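# Understanding the architecture of this molecule
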Amino acid sequence: MRTVAFFVLWLVIHGAGAAGLLVGALTAIAAAWLSLRLLPPVAGRLSVAELFRIILRFPRQSLVAGLDVALRALNLRLPLMPGIVPCPTALPDGPGRDAFHAYMSLQPGTLPVAMRSESELLVHALDTGQPVAVAFAVEEAAVRRLTEPRGND
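Scoring rules and cut-offs
- Residues numbered from 1 in each chain as written.
- Predicted model: local features only at pLDDT ≥ 70, side-chain atom pairs only at ≥ 80, totals over all residues.
- Heavy atoms only, no water.
- Helix = DSSP H or I, 4+ residues; strand = E, 2+ residues; numbered from the N terminus.
- Expected span 1.5 Å × (residues − 1).
- Buried < 20%, exposed > 50% of the residue type's maximum accessible area, 1.4 Å probe, protein only.
- Axes fitted to C-alpha atoms, helices over the stretch in contact; angles between N-to-C directions.
- Parallel < 35°, antiparallel > 145°, perpendicular 65-115°, else oblique.
- Left-handed = near helix turned anticlockwise from the far one by under 90°.
- Contact = heavy atoms within 4.5 Å.
- Nonpolar A, V, L, I, M, F, W, Y, C, P; charged D, E, K, R; others polar.
- Core = buried A, V, L, I, M, F, W, Y, C linked by side-chain atoms within 4.5 Å.
- Salt bridge = Lys/Arg side-chain N within 4 Å of Asp/Glu carboxyl O.
- Phe/Tyr/Trp six-rings, centres within 6.5 Å; stacked < 30°, edge-to-face > 60°.
- Patch = residues over 30% accessible without salt bridge, like charges linked within 9 Å, V, L, I, M, F, W, Y side chains within 5 Å.
- Areas by Shrake-Rupley, 256 points an atom, 1.4 Å probe, with all protein chains shown as cover.

## Looking at helix 5 (residues 132-146)
End to end, helix 5 covers 22 Å across 15 residues, agreeing with the expected 21 Å (1.5 Å per residue, within 8%). Where helix 5 is concerned, the buried positions are V132, F136, E139, E140, A141, A142, V143 and L146.

## Focus on the packing of helix 3 (residues 48-74) against helix 5
Look at helix 3 against helix 5: their axes get within 9 Å of each other, and the N-to-C directions meet at 150 degrees. Taken together, the axes of helix 3 and helix 5 are roughly antiparallel relative to one another. In terms of crossing hand, the pair formed by helix 3 and helix 5 is left-handed. Seen from helix 3, the contacting residues are E50, L51, I54, R57 and Q61; seen from helix 5, they are E139, A142, V143, R145 and L146. Partitioning the contact of helix 3 with helix 5 into residue classes produces 5 nonpolar, 1 polar and 4 charged.

## A few points about the nonpolar core
Nonpolar side chains tend toward joint burial in soluble globular proteins. The biggest cluster of nonpolar side chains holds 15 residues, and the ones touching the most others in it are I54, C87, F100, V123, V132 and F136. Elements supplying a minimum of two residues to this core: strand 1 (83-88), helix 4 (95-105), strand 3 (120-125) and helix 5. For V132, the contacting residues outside a window of four places in its chain are V85, C87, T110, V123, A125 and D127.

## A short note on the pattern of salt bridges
Should their charged atoms come close, side chains of opposite charge can pair. Applying the stated criterion across every chain, the model contains 5 salt bridges. In this structure, a network of salt bridges that share partners links the residues D93, R97 and E118.

## So, the packing of aromatic side chains
In this structure the tally under the stated criterion is 2 aromatic pairs. For the ring pair F58 and Y103, a centre distance of 5.5 Å and an interplane angle of 45 degrees mean the geometry is tilted. Here F58 is found in helix 3, whereas its partner Y103 is found in helix 4, with 45 residues between them in sequence. Aromatic side chains F100 and F136 sit 6.0 Å apart centroid to centroid with 85 degrees between the ring planes, which places their arrangement in the edge-to-face category. Placement of the pair is F100 in helix 4 and F136 in helix 5, with a sequence separation of 36 residues. Judged by relative accessible area, F136 falls into the buried class, the value being 4%.

## What about a nonpolar patch on the surface?
A cluster of nonpolar residues, V4, F6, V8, L9, V12 and I13, forms a patch on the protein surface that exposes about 570 Å² of accessible area. Of note, F6 is situated in helix 1 (residues 2-14).

Such coordinate-based values are descriptive only and should not be taken to indicate function.
Now the structure itself:
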């Protein structure tokens, strides 16, 4: 599957010209081999339906959060109380947790900083008065559902 995905990526970037197909196939094979060495497959299945829910929800959340940050920066009457917020987490150490941190770092106004312990993430927030821990818990639950598919995904 990885080889196919890398080959499709090659076709999107390079095009389907005859001259590049052999190079694209060899590149896809090499990329798949390297990706398997660096990130071996894990047990379980990815829920495609949940992945699409997250992808479709992200632009709206990002836009709303970005507008909030912009309004706070431009309007001195709106509170700006930066600080560190501890957020409980149940994601085990590994690629899933790393992907979640990367995903949440894309949300304006918050940034995962460090793990305080195995079960607590420290998040820098522009407004500590907002329900940052609640928002992170909701998103973490969605990420956990990615590998816990229900029904026929």
